[in-house]
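Spelled out, the chains give:
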Amino acid sequence: MSSDMMSRTPTEPLREIPPLAPGDHGLPWVGRLLDYARDPVGFYRHQWETYGPVSPFFRAGESGVVVLGPDACDAVLRNKDKAFANGPAWGQIVGPFFDRGLMLLDFGEHHVHRRIMQEAFTRDRLAAYTTAMHPAIEQGMRAWDPTPRFKAYPQLKQLTLDIAADIFMGGATHTTRAEMERVNKAFIACVQAASGVVRGDVPLTRWGRAFRGRRVLEEFLRGYLPAKRATATDDIFSVLCHLETDDGERFSDDDVINHMIFLMMAAHDTSTITTSTMLQLLGQHPEWQQRCREESRALGPAPSMAEIEGLQSLDLVMKESLRLRAPVPALMRRTVKETDLLGVRIPEDTAVMVGVQFSHMMERYWTNPAVFDPERFGPERREDKSHRMAWEPFGGGVHKCIGLYFAGLEIKSILHRLLRGYRWSVAPAYRAPLDNSSLPFPKDGNPISLTRI
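Residues numbered from 1 in each chain as written. Predicted model: local features only at pLDDT ≥ 70, side-chain atom pairs only at ≥ 80, totals over all residues. Heavy atoms only, no water.

Focus: the overall build of the chain
Counting secondary structure elements, the chain contains 17 helices and twelve strands. Computed over its C-alpha atoms, the radius of gyration of the chain comes to 22 Å, within 12% of the 22 Å expected for a compact globule of 453 residues. Here the C-alpha coordinates of the chain stretch approximately 60 × 50 × 45 Å along the principal axes. The 453 residues of the chain split such that 55% are buried. Across the chain, every contact between residues at least 6 apart in sequence was considered, and the portion connecting residues at least 24 apart equals 73%. Carbon and sulfur atoms form 54% of the exposed surface of the chain, whose accessible area is close to 19,200 Å². Where the 55 positive side-chain charges of the chain centre and where its 56 negative ones centre are 4 Å apart. (Helix = DSSP H or I, 4+ residues; strand = E, 2+ residues; numbered from the N terminus. Rg over C-alpha atoms; globule rule 2.2 N^0.38 Å. Buried < 20%, exposed > 50% of the residue type's maximum accessible area, 1.4 Å probe, protein only. Contact = heavy atoms within 4.5 Å. Areas by Shrake-Rupley, 256 points an atom, 1.4 Å probe, with all protein chains shown as cover. Lys, Arg positive; Asp, Glu negative; His and termini not counted. Charge placed at Lys NZ, Arg CZ, Asp CG, Glu CD.)

Below, the structure written as structure tokens:
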């Protein structure tokens, strides 16, 4: 069923959310969250084929809707009548742990914070961040021990955290490896709270571990805050401390800490997922790996931002990897007032799951969508232009990822150095066993056969 079939004339009354079909209620309280965790795209496909672009969903003890297809996703993310809010939605899932991060702010307050923070991601600053990444990448890979069963995901996660420490914190020069590992575990605990059943600071639960993780992150960052306030440097922590708009708007200490926790999580978790996916796919498609390697070998080990942007084959692979495995496959919203979504009445205080991953797999917009085919993003095909929201790994509207260009530069810088120094392979039949309880990651660590060149 397509969204075109769900349209209505202006004189027709709004339709109600369709009732759940027999068997679609799922388990008590949990609903169909386990179905989603096992196979998100399969879950989305069932919802689409059964109900269309706006479908009913029961989870975590309440009814809500799943929004699918570019038209419906576009309507929610553009949010023209300001009915869909981030804070109340994400707040129920990870709110206490990423409290007042940019993703959890809405409307006027979000606009003010984003306007200030945007100054940390200007093109000049991105160029400086790119230059600063290369030593951290070189240092991080120096300790890698290539093997036939090299577990790439945990190594990449540590590497992206090290990069975050350099770019976001100016190196955190007094931080030990053990403390950074503690910080990494704290981030993992906060992210995995999304699938917690017990929503409170209860020992031995996901939320209990996340509350402790949040305290670790706050203590860690507040230890550096006075020095960052005192001296302006080029790292993002310091930039956030000193940014000021023409109107004199600045971040408070609490604002800086909240934004740092969210940005560091986003900068290393989502980048790790995409880099890991690219390693798998390039390992399974050696012709693309060699094509990318030849472009990287034409550059030096520490290319400029403009040179990184010129790695065309690697850019195609990155976009295709983001399509096949969006690092954030679902975006959450909650209505703050009644609204009309493609002719369906959505009541106030309704939980909304925006299934962006499903748009990436729709045959209507993509040729053989399950197949790895980076050329679909090339200038002669541009399948991503089949609909303005056919490809939306960074979300859309005012909440579109503020760090998307930074993420692309980081991911391609890591792959650039890997391509120059290593070869790797992955069995063609390998399918990553993903844990989809929060952000998708390979439960087996993404093993690859890695050798130095």
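Considerations on the UniProt feature "binding site: heme" (unreviewed entry) in the chain
Within this structure's numbering, the places UniProt gives as "binding site: heme" (unreviewed entry) are C401. Position of C401 relative to the elements: it lies in the loop between α16 (356-359) and α17 (404-421). Setting aside residues up to four positions removed in sequence, C401 forms contacts with R114 and F394. (UniProt positions renumbered as here; feature names shortened; annotations may be inferred.)

Description of the packing of helix α8 (residues 177-192) against helix α12 (residues 253-284)
The description of two helices packed together rests on the angle between their axes and the distance between the axes. Relative orientation of the contacting elements α8 and α12 amounts to 90°, with a least axis distance of 11 Å. What the angle tells us is that α8 and α12 run roughly perpendicular. Contacts from N184, F187 and V191 in α8 reach I261, M264, M265, H268 and D269 in α12. (Axes fitted to C-alpha atoms, helices over the stretch in contact; angles between N-to-C directions. Parallel < 35°, antiparallel > 145°, perpendicular 65-115°, else oblique.)

Side note on the nonpolar core
If you look at the biggest cluster of nonpolar residues, it comprises 131 residues, and the most contacted ones within it are F98, F168, F237, L240 and W424. Aside from chain neighbours lying at most four places away, what touches F237 is F168, M169, L221, Y224, L225, K228, V256, I257 and M260. (Core = buried A, V, L, I, M, F, W, Y, C linked by side-chain atoms within 4.5 Å.)

Here's the deal with the sheet that holds strand β5 (residues 331-335)
Across the sheet, five strands lie side by side as β1-β2-β8-β5-β3; this open sheet has mixed pairing. The open sheet has two edge strands with one neighbour each: β1 (54-59) and β3 (84-85). Pairing of strand β2 (residues 62-67) with strand β8 (residues 351-354) involves four bridges; the strand directions are parallel. Looking at the pairing, G64 lines up with A351 of β8. (Pairing = 2+ DSSP bridges.)

Describing the state of the cysteines
A covalent bond between the sulfur atoms of two cysteines is referred to as a disulfide. Tallied over the entire structure, the rule returns zero disulfides. With no disulfide of its own, C401 lies 17 Å from the sulfur of C73, the closest cysteine sulfur. By relative accessible area, which is 32% here, C401 ends up partly exposed. (Disulfide = S-S within 2.5 Å.)

Some details on the pattern of salt bridges
Taken as a whole and judged by the stated rule, the model has 31 salt bridges. Residue D235 is joined to K228 by a salt bridge in which the shortest nitrogen-to-oxygen separation is 3.1 Å. Exposure remark for K228: the relative accessible area of 11% places this residue in the buried category. Connected through shared salt-bridge partners, E320, R323, D373, R376, R381 and E383 make up one network. (Salt bridge = Lys/Arg side-chain N within 4 Å of Asp/Glu carboxyl O.)

A closer look at empty space enclosed by the protein
On inspection of all chains with the given rule, the structure shows two cavities of 30 Å³ or more. One number sums up the size of the largest cavity: a volume of about 60 Å³. Lining the largest cavity, in full, are F57, R59, E62, S63, G64, V65, M332, A351, V352 and M353. Put simply, the parts of the chain that give the lining of the largest cavity at least two residues each are β1, β2 and β8. Of the residues forming the lining of the largest cavity, the biggest block, four residues, is contributed by β2. Classifying every residue of the lining of the largest cavity gives six nonpolar, two polar and two charged. (1 Å grid on protein atoms, 1.4 Å probe; cavity = no way out; pocket = protein on both sides within 12 Å on 5 of 7 lines; lining within 4 Å. Points joined across faces, edges and corners; volume = space filled by probe spheres on them. Nonpolar A, V, L, I, M, F, W, Y, C, P; charged D, E, K, R; others polar.)

Re the packing of aromatic side chains
How two aromatic rings sit relative to each other is given by the distance of their centres and the angle of their planes. The tally for this structure, following the rule as stated, stands at 20 aromatic pairs. An angle of 80° between the planes, with centres 6.5 Å apart, marks the rings of W288 and F372 as edge-to-face. Taken together, the positions of W288 in helix α13 (residues 286-297) and F372 in the loop between α16 and α17 put the pair 84 residues apart, joining distant regions of the chain. Residue class for W288 comes out buried when judged on its relative accessible area of 9%. (Phe/Tyr/Trp six-rings, centres within 6.5 Å; stacked < 30°, edge-to-face > 60°.)

A short note on the sheet that holds strand β9 (residues 422-425)
Read across the sheet, three strands follow the order β4-β12-β9 without closing on themselves; strand pairing throughout is antiparallel. Both edges of this open sheet fall to β4 (150-151) and β9, since each of them pairs with a single strand only. Pairing geometry for β4 and strand β12 (residues 447-452), over two bridges, is antiparallel. In the strand pairing of β12, K151 is matched with P447.

So, the pairing of β1
Buried residues dominate β1, accounting for six of its six residues. The side-chain alternation of β1 yields two buried faces, one formed by V54, P56 and F58 and the other by S55, F57 and R59. As consecutive antiparallel partners, β1 and β2 are separated by two residues, and within that stretch A60 has a phi angle of approximately 50°, a positive value.

Comments concerning the pairing of β5
Summarising burial for β5: five of the five residues are buried, a large majority. Covered by surrounding structure in β5 are L331, R333 and T335 together with M332 and R334, the residues of both alternating faces. Judged from the two bridges that link them, β3 and β5 form a sheet pairing that is antiparallel. Paired with F84 across the strands is T335, a residue of β5.

Some words on helix α3 (residues 70-78)
Those residues of α3 that fall on the buried side of the exposure criterion are P70, A72, C73, D74, V76 and L77. In this structure, the buried residues of α3 make contact with β2, β3, β5, β6 (339-341), β8 and α16. The first or second residue beyond α3 is N79, which carries a positive phi of 55°.

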